[in-house]
Amino acid sequence: MEKNQKIPASPHAEGANPEAALTSGARQGVELLRDPHLNKGTAFSTRERQELKLEGLLPFVVEGIEEQVQRVMKHLSLKPNDLERYIYMIGLLDRNETLFFKVLMSDPARFVPIMYDPTVGEACLKFSDIYRRNGGMYVTIENKGRVKDILRNWPEKDVRFICVSTGGRILGLGDLGANGMGIPLGKLQLYTACAAVPPNNLLPLLLDCGTDNEQLLKNPLYIGVRRHRPEVKELDAFVQEFVDAVQEVFPGCCIHFEDWKGTDAIRLLKRYQDKICCYNDDIQGTAGVAVAGLIGAMNITGGKLSEQRVLMFGAGSAGIGISNMITAAMQAEGLSNKDAAARIALFDVNGLLTKGRTDLSAEQSVYAVTGNPTKDLVSAIRTLKPTVLIGVSTVGKTFTREVVQAMTEQTERPVVFALSNPTDHAECSAQEAYEWSNGKAIYAAGVPFEEVKIGGKVFIPGQANNYYLFPGVSLGIYAAKPKLIPDALWIEGARALADLVTPQQREKGMVFPPQKDILSISTNIAERVAKMAFDKGLAQEKKPKDMGAFIRELQYQPAYSKNVKS
Ligand code: NAI
């Protein structure tokens with residue numbers, strides 16, 4: 001077998017060693033071609049075809065994986081839209097896993113919008129209708145009391161990550177119940193596509209607790225448990241059983257919570273963050289990418305994060321999550337928790353969050369300021385003099401010319417991030433931010449925007465996409481096996497990400513490195529995160545001498561197990 005190669009175990013085969021399966025004769029003929037973990041299709045060599053009873057079952061030609069990739073690309077180009085491309089790619093995964101990842105890893109930035117956001121949202125909406133074959137596990141509330149036994153049905157024993165969703169809040173689409181399975185599947189594919197985390201160690205899981213989506217409950221083809229969601233107490237007891245079962249069946253496994261209902265997500269992260277190896281990408285990953293953008297902006301201005309005054313426009317889950325992570329990052333630069341929080345103010349649909357307001361949650365109250373309430377953003381900017389304005393309000397066009405100009409009046413290089421998505425929800429476009437600030441604003445958005453030319457100068461707006469960070473952080477976790485994942489690891493990942501922007505790119509206003517480099521970006525992030533996990537005494541692996549080499553050795557290579565042209 002080629003060096004570094006990790007080929008997933010077959011859910012149908014014994015053990016994880018495909019080489020053994022190929023040579024021992026455990027799988028032969030049609031059975032072998034039907035096993036996506038072992039199948040090479042036309043890449044089986046003449047000798048393999050003779051030895052493995054494949055003669056006559058394949059056309060004459062013996063191809064290399066590159067030629068197979070070309071054919072896949074041709075098929076994809078003939079598909080009318082991304083949902084059809086998604087369905088085709090899932091079909092490919094069911095036939096030939098190595099080829100699937102070879103294609104995905106050939107250009108992750110191109111494939112993320114097909115395999116994940118936004119196409120996966122549409123796929124989840126139609127998941128019950130387009131359902132063909134299962135790629136992960138469904139553990140249902142009907143399995144209460146037996147979760148441990150059910151987890152043992154998964155054929156791979158060395159599970160290092162479980163991405164688990166209840167389908168409670170899928171992207172911006174609300175409660176999609178068991179249809180949400182597209183999310184853990186897609187998210188874990190990005191671990192491999194963007195960071196080369198070996199797919200055989202990844203388990204996508206839908207914790208099916210029912211749904212409150214009446215349309216789904218009425219759909220005769222709905223694949224999930226046909227009941228309403230449980231009360232918090234029942235849900236939490238079931239989650240506790242699941243968490244305990246994971247510790248026992250897959251010791252050392254990291255639980256990645258994804259797309260749970262907001263309140264469940266916050267409560268459960270609080271409960272488990274200091275007890276087990278777990279994270280929530282919607283909360284920590286999102287906030288980490290925003291912090292990376294801010295550090296990227298500081299790398300342009302030469303300022304320190306802990307010297308900034310931040311105004312968060314939107315005080316929902318994203319606004320609070322980002323504020324908390326900025327607070328932690330400022331503390332890491334030496335501020336007290338109180339002084340850091342005092343540098344952040346929030347604004348919501350009812351105006352500035354002030355101490356006099358009675359409608360604030362405990363999380364929001366931390367950031368309430370003294371002073372007069374106002375519903376006018378421009379006036380809040382003039383009073384508070386923020387150097388950073390972050391839009392997470394879900395409302396487009398709210399950063400008007402006056403807002404951007406007010407930011408420019410008091411700061412030489414104001415940071416203006418318009419993170420709400422989709423595109424028509426962005427608080428302002430890249431063109432608007434650069435134009436209204438005369439090219440002074442350092443801008444990033446939640447969606448991609450084209451480069452902008454102002455007065456002969458080119459500006460390249462950043463996109464705060466979560467896949468910049470969670471695959472790399474996860475690879476670092478894979479390497480170091482930390483007991484816990486404190487925010488400090490996310491902040492280190494964010495710093496590593498921001499540091500990868502070159503001086504030439506900073507010149508163009510870039511706060512993130514180019515997405516096309518995601519594999520090397522993730523590898524760099526992983527190295528820094530793993531190193532910090534060791535430095536903080538969290539790692540459970542033996543410390544390697546050369547962290548970079550150690551991580552590269554662990555990474556998955558999408559290559560067949562033998563010389564296909566032998
Ligand atoms: P949410 O619904 O929990 O919070 C929205 C907040 O905006 C609330 O505090 C609300 O009062 C406030 N708001 C609504 N209308 C407003 C108005 N006219 N003026 C001022 N404030 C107003 O939503 P969540 O989950 O916090 O997400 C917010 C946005 O951030 C979404 O569009 C989401 O797509 C985007 N987002 C982008 C990310 C990224 O770029 N990586 C990551 C996470 C979220």
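Throughout what follows, the structure given in this document is the object of discussion. (Residues numbered from 1 in each chain as written. Predicted model: local features only at pLDDT ≥ 70, side-chain atom pairs only at ≥ 80, totals over all residues. Heavy atoms only, no water.)

Further remarks concern the overall build of the chain. Within the chain, the regular secondary structure consists of 26 helices and 14 strands. Taking 566 residues into account, the globule formula puts the C-alpha radius of gyration at 24 Å, and the chain, at 24 Å, falls close to it. Each principal axis of the C-alpha distribution contributes one length, and for the chain these read about 80 × 55 × 50 Å. Per-residue burial over the chain gives 58% buried out of 566 residues. Put simply, 71% of the contacts in the chain that link residues at least 6 apart link residues at least 24 apart. Entry remark: accessible area of the chain is about 23200 Å², with carbon and sulfur atoms responsible for 51%. Here the chain carries 66 positive and 65 negative side-chain charges, and the mean point of each set is 2 Å from the other. (Helix = DSSP H or I, 4+ residues; strand = E, 2+ residues; numbered from the N terminus. Rg over C-alpha atoms; globule rule 2.2 N^0.38 Å. Buried < 20%, exposed > 50% of the residue type's maximum accessible area, 1.4 Å probe, protein only. Contact = heavy atoms within 4.5 Å. Areas by Shrake-Rupley, 256 points an atom, 1.4 Å probe, with all protein chains shown as cover. Lys, Arg positive; Asp, Glu negative; His and termini not counted. Charge placed at Lys NZ, Arg CZ, Asp CG, Glu CD.)

Running from N to C, helix 5 (residues 82-95) and helix 7 (residues 108-115) point in directions that differ by 100°, and their axes come no closer than 8 Å. For the element pair helix 5 / helix 7, the angle class is roughly perpendicular. Two secondary-structure elements touch here, helix 5 through D82, R85, Y86, M89 and I90 and helix 7 through F111, P113, I114 and M115. Partitioning the contact of helix 5 with helix 7 into residue classes produces seven nonpolar, no polar and two charged. (Axes fitted to C-alpha atoms, helices over the stretch in contact; angles between N-to-C directions. Parallel < 35°, antiparallel > 145°, perpendicular 65-115°, else oblique. Nonpolar A, V, L, I, M, F, W, Y, C, P; charged D, E, K, R; others polar.)

This part is about the pattern of salt bridges. All told, the structure shown has 32 salt bridges when counted by the stated rule. A salt bridge links R152 to D149; its shortest N-O distance comes to 3.8 Å. Under the relative-accessibility criterion, R152 is labelled partly exposed at 41%. Relative accessible area serves as the criterion here: at 46%, D149 is assigned to the partly exposed category. Residue R271 pairs with D236 through a salt bridge whose shortest N-O separation is 3.2 Å. In this pair, R271 sits in helix 14 (residues 262-272) while D236 sits in helix 13 (residues 232-249), placing the two residues 35 residues apart along the sequence. (Salt bridge = Lys/Arg side-chain N within 4 Å of Asp/Glu carboxyl O.)

Turning our eyes to something else, we now look at the sheet that holds strand 3 (residues 202-208). Taken in spatial order, the five strands line up as 1-3-2-4-5 in an open sheet, and their pairing is parallel. Each edge of the open sheet is held by one strand with a lone partner, namely strand 1 (137-140) and strand 5 (278-280). Each neighbouring strand pair of the sheet contributes to a mean axis angle of 25°, computed without reference to strand direction. As paired elements, strand 2 (residues 161-165) and strand 4 (residues 254-257) share four bridges and run parallel to each other. Within strand 4, the residue paired with I162 across the bridge is I255. Taken strand by strand, helix 15 (residues 281-301) contacts strand 4 and strand 5, and its axis lies near 75° from that of strand 5. (Pairing = 2+ DSSP bridges.)

For the ligand, the set of nearby residues contains 19 residues, the closest of which are T286, A315, S317, A318 and A464. A318 is positioned such that a nitrogen or oxygen atom in its backbone is 2.8 Å from an oxygen atom of the ligand. At a separation of 3.1 Å, an oxygen atom of the ligand approaches a polar backbone atom of V349. Summarising the interface, the protein chains cover 74% of the accessible area of the ligand, which totals 860 Å² for the free molecule. (Near = heavy atom within 4 Å. Polar contact = N/O pair within 3.5 Å; in protein donor to acceptor, adjacent residues only side chain to side chain.)

Note that the residue after D117, namely P118, is joined by a cis bond; omega there is 10°. Tracing the chain through its elements places P118 in the loop between helix 7 and helix 8 (119-125). The amide bond that connects N421 to the next residue, P422, takes the cis arrangement and shows omega of 5°. Structurally, the position occupied by P422 is in the loop between strand 10 (415-418) and helix 21 (430-436). Positive phi outside glycine occurs at K481, with the angle close to 50°.

On their own, these measurements won't tell you what the molecule is for.
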